[in-house]
Amino acid sequence: LSRKLMDLMALTDREVELVPLEADGFFRRLRDTLRPLLGGVALTLRGGPGAFRGDPDLLQCLLKNLVENAVRSRPINDEVVLCWEFSDEQPSDKSHGRMTVQVSDTGRGIPPDELPHITEPFYMVDKSRTRDGGGAGIGLSLCRQIARLHGAELRFESLPDRGTTVSFELAAAGQEAAHEDI
């Protein structure tokens, strides 16, 4: 909890350097990093080639939180899907476009009256969860702040007993400038 609070406080006045990152490599390395945390749930990647701009460490933190939440939702098909898609203003030039990232599950979902509150610090949809179980109730608040540092907003679509999809958009970058580091 202390580490999460420090992370959240550190992000409030921070400027980040957004560097070009190659999408396929970034998401494959992220999946490899998350594999031990999945507990038998498959993390399926769906997306095409392209590059985007971001802080790799912060985006890894954001996506780790989203994927862990999706795994905790107990998806009925034991799968969480992480997909990305590029759209551009000029079809031949990805540097003018956006990349939409989505994390989807087929788990418990979130009741509609809870959705406006889920990014508030310390808010938990499942009131029976204990903080000893690994949750502090600030993960989505941290995610919201990281997204905002990237010029993005988190969007949530959820149906109880059907699942949840979280999405956000990042700026695309030119392929030639993409870094391979995560």
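Above this text you will find the structure in question.
These numbers were taken from a predicted model, which means no experiment stands behind them. (Residues numbered from 1 in each chain as written. Predicted model: local features only at pLDDT ≥ 70, side-chain atom pairs only at ≥ 80, totals over all residues. Heavy atoms only, no water.)

K.L.:
Mind laying out the pattern of salt bridges, listing which residues take part and the relevant values?
P.N.:
Applying the stated criterion across every chain yields a total of 4 salt bridges. Salt-bridge contacts for Lys 64 lead to Glu 68; the nearest nitrogen and oxygen are separated by 3.4 Å. With Lys 64 and Glu 68 both in helix H3 (residues 56-72), this residue pair falls 4 residues apart, about one helical turn. A relative accessible area of 31% places Lys 64 in the partly exposed class. When its relative accessible area of 17% is taken as the criterion, Glu 68 is described as buried. A salt bridge links Arg 148 to Glu 153; its shortest N-O distance comes to 3.1 Å. Overall, Glu 153 belongs to the partly exposed group, its relative accessible area being 43%. (Salt bridge = Lys/Arg side-chain N within 4 Å of Asp/Glu carboxyl O. Helix = DSSP H or I, 4+ residues; strand = E, 2+ residues; numbered from the N terminus. Buried < 20%, exposed > 50% of the residue type's maximum accessible area, 1.4 Å probe, protein only.)

K.L.:
Describe the side chain of Ser 158, and please don't skip the residues or the numbers.
P.N.:
Along the chain, Ser 158 turns up in strand E6 (residues 155-159). Looking at Ser 158, its side chain comes within polar contact range of the main-chain oxygen of Gly 163, at 3.2 Å. There is a polar contact of 2.7 Å between the side chain of Ser 158 and the side chain of Thr 164. In contact with Ser 158, not counting residues within four places along its chain, are Gly 109, Ile 110, Leu 115, Gly 163 and Thr 164. (Polar contact = N/O pair within 3.5 Å; in protein donor to acceptor, adjacent residues only side chain to side chain. Contact = heavy atoms within 4.5 Å.)

K.L.:
Can you lay out the nonpolar core for me, pointing to particular residues and giving the numbers?
P.N.:
Residues Phe 27, Phe 52, Leu 63 and Phe 168 are the most contacted members of the largest nonpolar core, which totals 42 residues. Elements that contribute at least two residues to this core include exactly strand E1 (19-22), helix H2 (23-34), strand E2 (42-47), H3, strand E4 (79-87), strand E5 (98-104), helix H4 (139-149) and strand E7 (163-173). The greatest single-element share of this core, amounting to 8 residues, is contributed by H3. The residues touching Phe 27, leaving out its near neighbours within four places in the chain, are Leu 45, Phe 52, Leu 63, Leu 82, Trp 84, Met 99 and Val 101. (Core = buried A, V, L, I, M, F, W, Y, C linked by side-chain atoms within 4.5 Å.)

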